[in-house]
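Read off the chains here:
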Amino acid sequence: MSKVAGVDFGTLSVRVTLLDSERGRLATAVAEYPLHRKREDPDYATQSHQDQMNALVKATRQAIKDAGIEGAQIEAMALDTTGSSVIPVGENLQPLDDYYLWCDHRAKEEAQQITELANREHLEAIEWCGGVYSHEWGFAKLLHWLRHNPDKRDRFVTAFEHCDMVAATLCGITDAKQAKRSVCAMGHKWMWNPKWDGLPSQDFLSKLDPLFEGIRAKLGGSYETSDNLAGHLSPKWAEAMDLHAGIPIPVGAFDAHWDAIGAGCREGDVVNVVGTSTCIIAMQKKANLVPGVCGVVPGSVHPAYTGVEAGLSATGDIFEAIARRAGHKVSELSKGLETYRAGQTGLLRLSWDNGDRTVLVNSELGGITLGWNLIHTAQDELFAAIEGTAFHTCIILERMAEYGVPVDRVINAGGIPQNNQVLNQVYADVLGKPVLVPAGIPTSLGSGIFAFLAAGTFPTIEEAQAKMCLSYKTFTPNPAASATYNRLFEHYKSLYFALGKRGAEPAAIGDVLPDLRKIAAEVQRQT
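Now for a look at the structure at hand.

Each value, and the rule that gives it
- Sequence order as written defines residue numbering, which begins from 1 separately in each chain.
- Where totals are concerned, whole chains, interfaces and linings use all residues; where local detail is concerned, this predicted model gives features only for residues with pLDDT of at least 70, and gives and counts side-chain atom pairs only at 80 or more.
- Side-chain figures throughout are based on the complete set of non-hydrogen atoms in the structure, without hydrogens or water.
- What counts as a helix is a DSSP run of H or I of at least four residues, what counts as a strand is a run of E of at least two, and both are numbered from the N terminus.
- It only takes one pair of heavy atoms within 4.5 Å for two residues to be counted as in contact.
- Polar contact is defined as a pair of N or O atoms within 3.5 Å, subject to the rule that within protein one atom must be able to donate a hydrogen and the other to accept it, and that residues adjacent in sequence are counted only when both atoms are side-chain atoms.
- To form a nonpolar core, buried Ala, Val, Leu, Ile, Met, Phe, Trp, Tyr and Cys residues must be joined to one another through side-chain atoms within 4.5 Å.
- Only protein chains enter the accessibility calculation, which uses a 1.4 Å probe; a residue whose area is less than 20% of its type maximum is buried, one above 50% is exposed, and one in between is partly exposed.
- By the convention used here, strands pair only if DSSP detects at least 2 bridges between them.
- Whenever a helix is involved, its axis is fitted only over the stretch in contact; in every case the axis is a line through C-alpha atoms, and angles between N-to-C directions fall within 0 to 180 degrees.
- A side-chain nitrogen of Lys or Arg and a carboxyl oxygen of Asp or Glu constitute a salt bridge if their distance falls within 4 Å.
- Take the residue count of a helix, subtract one, and multiply by 1.5 Å to get its expected span.
- We call two directions roughly parallel when the angle between them is under 35 degrees, roughly antiparallel when it is over 145, roughly perpendicular when it lies between 65 and 115, and oblique otherwise.
- Residues are grouped as follows: Ala, Val, Leu, Ile, Met, Phe, Trp, Tyr, Cys and Pro are nonpolar; Asp, Glu, Lys and Arg are charged; every other residue, Gly included, is polar.

So, the environment of Glu-224
Part 1: Mapped onto the fold, Glu-224 is located in strand E11 (residues 222-224).
Part 2: Sequence-distant contacts of Glu-224, that is, excluding residues within four places in its chain, are made with Lys-180, Arg-181, Ser-182, Val-183 and Val-251.
Part 3: Here the side chain of Glu-224 touches Ser-222 through a polar contact of 2.4 Å, side chain to side chain.

With respect to the nonpolar core
Part 1: In this structure, Val-14, Leu-18, Leu-56, Leu-170, Leu-233 and Met-241 are the most contacted members of the largest nonpolar core, which totals 78 residues.
Part 2: Element by element, the count of residues in this core is highest for helix H1 (residues 49-67), at 8 residues.
Part 3: With near-sequence residues (within four places) excluded, Leu-170 lies in contact with Met-53, Leu-56, Met-77, Leu-79, His-232, Leu-233, Ser-234, Trp-237, Met-241 and Ile-249.

Quick look at the sheet that holds strand E16 (residues 278-284)
Part 1: Spatial strand order, E17-E18-E16-E15-E21-E22-E23: 7 strands in an open sheet with mixed pairing. Of all the strands in the sheet, the pair left with one neighbour each is strand E17 (295-298) and strand E23 (472-475). Within this sheet the neighbouring strands show an average axis-to-axis angle of 25°, counted without direction.
Part 2: Pairing of E17 with strand E18 (residues 306-312), which is carried by 4 bridges, proceeds in the antiparallel orientation. From the neighbouring strand, Gly-295 faces E18, where its bridge partner is Glu-309.

Side note on the sheet that holds strand E1 (residues 3-9)
Part 1: The strand order E3-E2-E1-E6-E14 describes an open sheet built from 5 strands, whose pairing is mixed. Lying at the two open borders of the sheet, with one neighbouring strand each, are strand E3 (24-32) and strand E14 (253-254).

A closer look at the pairing of strand E22 (residues 435-438)
Part 1: The side-chain alternation of E22 yields two buried faces, one formed by Val-435 and Val-437 and the other by Leu-436 and Pro-438.
Part 2: Pairing of E22 with E23, which is carried by 4 bridges, proceeds in the antiparallel orientation. Within E23, the position partnered with Pro-438 by the bridge is Tyr-472.

Section: the environment of Asn-119
Part 1: The topology assignment puts Asn-119 in helix H2 (residues 108-120).
Part 2: As for Asn-119 and Val-132, which are separated by 13 residues in sequence, their C-alpha atoms are 8.6 Å apart.
Part 3: A distance of 2.9 Å separates a polar side-chain atom of Asn-119 from the backbone oxygen of Thr-115.
Part 4: Among the polar contacts made by the side chain of Asn-119, one reaches the main-chain carbonyl oxygen of Gly-131 at a distance of 3.5 Å.

A closer look at the pattern of salt bridges
Part 1: Under the defined criterion, the tally for this structure stands at 19 salt bridges.
Part 2: Residue Glu-124 is joined to Lys-195 by a salt bridge in which the shortest nitrogen-to-oxygen separation is 2.4 Å. Placement of the pair is Glu-124 in helix H3 (residues 124-127) and Lys-195 in the loop between helix H6 (183-189) and helix H7 (202-208), with a sequence separation of 71 residues.
Part 3: Under the relative-accessibility criterion, Lys-195 is labelled exposed at 52%.

Focus: helix H13 (residues 378-402)
Working note: α-helix, 3.6 residues per turn, so residues spaced by three or four point in the same direction.
Part 1: Relative to the 36 Å expected for 25 residues at 1.5 Å per residue, H13 spans 36 Å between its end C-alpha atoms, a close match to the ideal helical length.
Part 2: With 21 of 25 residues buried, H13 lies mostly within the body of the structure.
Part 3: Phi for Gly-404, located one or two positions after H13, is positive at around 95°.

A few points about the side chain of Thr-389
Part 1: Mapped onto the secondary structure, Thr-389 falls in helix H13.
Part 2: In this structure the side chain of Thr-389 is engaged in a polar contact, spanning 2.9 Å, whose partner is the backbone oxygen of Ile-386.
Part 3: Excluding residues that lie within four positions of it along the chain, Thr-389 makes contacts with Leu-312, Thr-315, Phe-319, Ser-351 and Tyr-427.

Let's talk about unusual backbone geometry
Part 1: In this chain, Gly-83 is followed by Ser-84 through a cis amide linkage whose omega measures 5°.
Part 2: Looking at where Ser-84 falls in the secondary structure, it is placed in the loop between strand E6 (74-81) and strand E7 (86-89).
Part 3: For the bond from Thr-358 to Val-359, the omega torsion is 10°, close enough to zero to count as cis.
Part 4: Relative to the helices and strands, Val-359 is located in the loop between strand E19 (348-350) and strand E20 (368-370).

Description of helix H16 (residues 445-455)
Part 1: Of all 11 residues in H16, 8 are buried, a share of seventy percent or more.
Part 2: The set of residues buried in H16 consists of Leu-445, Gly-446, Ser-447, Gly-448, Ile-449, Phe-450, Ala-451 and Phe-452.

Quick look at the packing of helix H11 (residues 316-325) against H13
Part 1: Viewed as axis vectors pointing N to C, H11 and H13 meet at an angle of 170°, and their least axial separation amounts to 10 Å. Relative to H13, the element H11 lies roughly antiparallel. In contact with Ile-318, Phe-319, Ile-322 and Arg-325 of H11, H13 contributes Ala-378, Glu-381, Leu-382, Ala-385, Ile-386 and Thr-389.
Part 2: For the contact of H11 with H13, the class distribution of residues is 7 nonpolar, 1 polar and 2 charged.

Structure below.
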């Protein structure tokens, strides 16, 4: 019997879960930290490294107290974080600024320049991240920081992804060259791949901007999958968290990737980690390119498989925005949604409120709702938004399947599916597949599984999953609803590419609005 700590750094808080190899979850504690926004700049989103470390200490101590155990009994700690959340550091791994959080979108110009040069130079790496480099990713954010902080450039040593920075800090590493870098983080957000000797060439990076001269070496070090160790807990942080010094800490990863492992992901599964945004995670033995899918990386989710990542730039954020504009909370506005039927609102909503992450990879798009009349309500729009995020997910899964990614089971993980049965049923009806929802919150369970591996408790991820993962509640498709959604999806798909793609071929959309009304009227008659 062994005990470990699984840590999950989310957008607004850190969750620490203590797990026992026989008894399962012992306790979970959460500590919050602020997200810094600017009203005059909606693209700005940062967080303090120190705030996050303070929250980790607080949550760890609380979890130990709630579990009623001694901290010295914890045999390993593993952590996942948001990504791409980038921090520039100086000597001794001291932060030179706050994290550019994953939802910081200031680097749009830099991302466009990277995309244009990469395609002009026929850079193979750009093909492996869907053909478009995102403003959410590492090189774009780092270049934006270098351009806008000339007074700090001479102190710049390197930049880290959040998961690598926290692991290095906990292990007491002060030499950037000694810090391990996550294959998951660097592969999905920094164009790293062993196929072309790691990062893009220095020649390419220097052509992008002279500020990147020498940057490849500064981002050097050991790139590892999460079955390797980042190091061991330092005495300083062991004392702060009431843990035993020297316990192993594996190389970290992104939250959605380990959430997928915690949700029981295996080859053939697609895991929708539905939260403020949606990360869609799958894995396969082969490494197949998927146009428009933002990451295909060997070893990123499971060390023995190629990880595939896609997603929606906003999901829960859209629901929150609709409720906020109506002067309600989402929970209040959701009451009664279970009575809604497929297509009854007559609305069709494209979920581009925060741009498109996959498959168009276009940050310039905005949310669109078609079919309004004078008696539509905010609740109608909320239901249409749930349908719209399901349609968008269907677009992504179709693209993945088209290029060889097996899509046998769909698992809805993340926080929202635990509390929104309507969403799960709509997804099952739209996707035409059973949707499995873990019977409990799997967040930080994936971290716990990798902690058990580091402690030597389980020899494989699969054995740890069999012991630790939760059972599922299954939502099966309703044939009548699926038939309606198949009709609506044809309109959604046509509009998605016609409106979302520059230079798209002209599309006949004159039948969309009449058909939305026709479908809504049919549904009303049936009910």
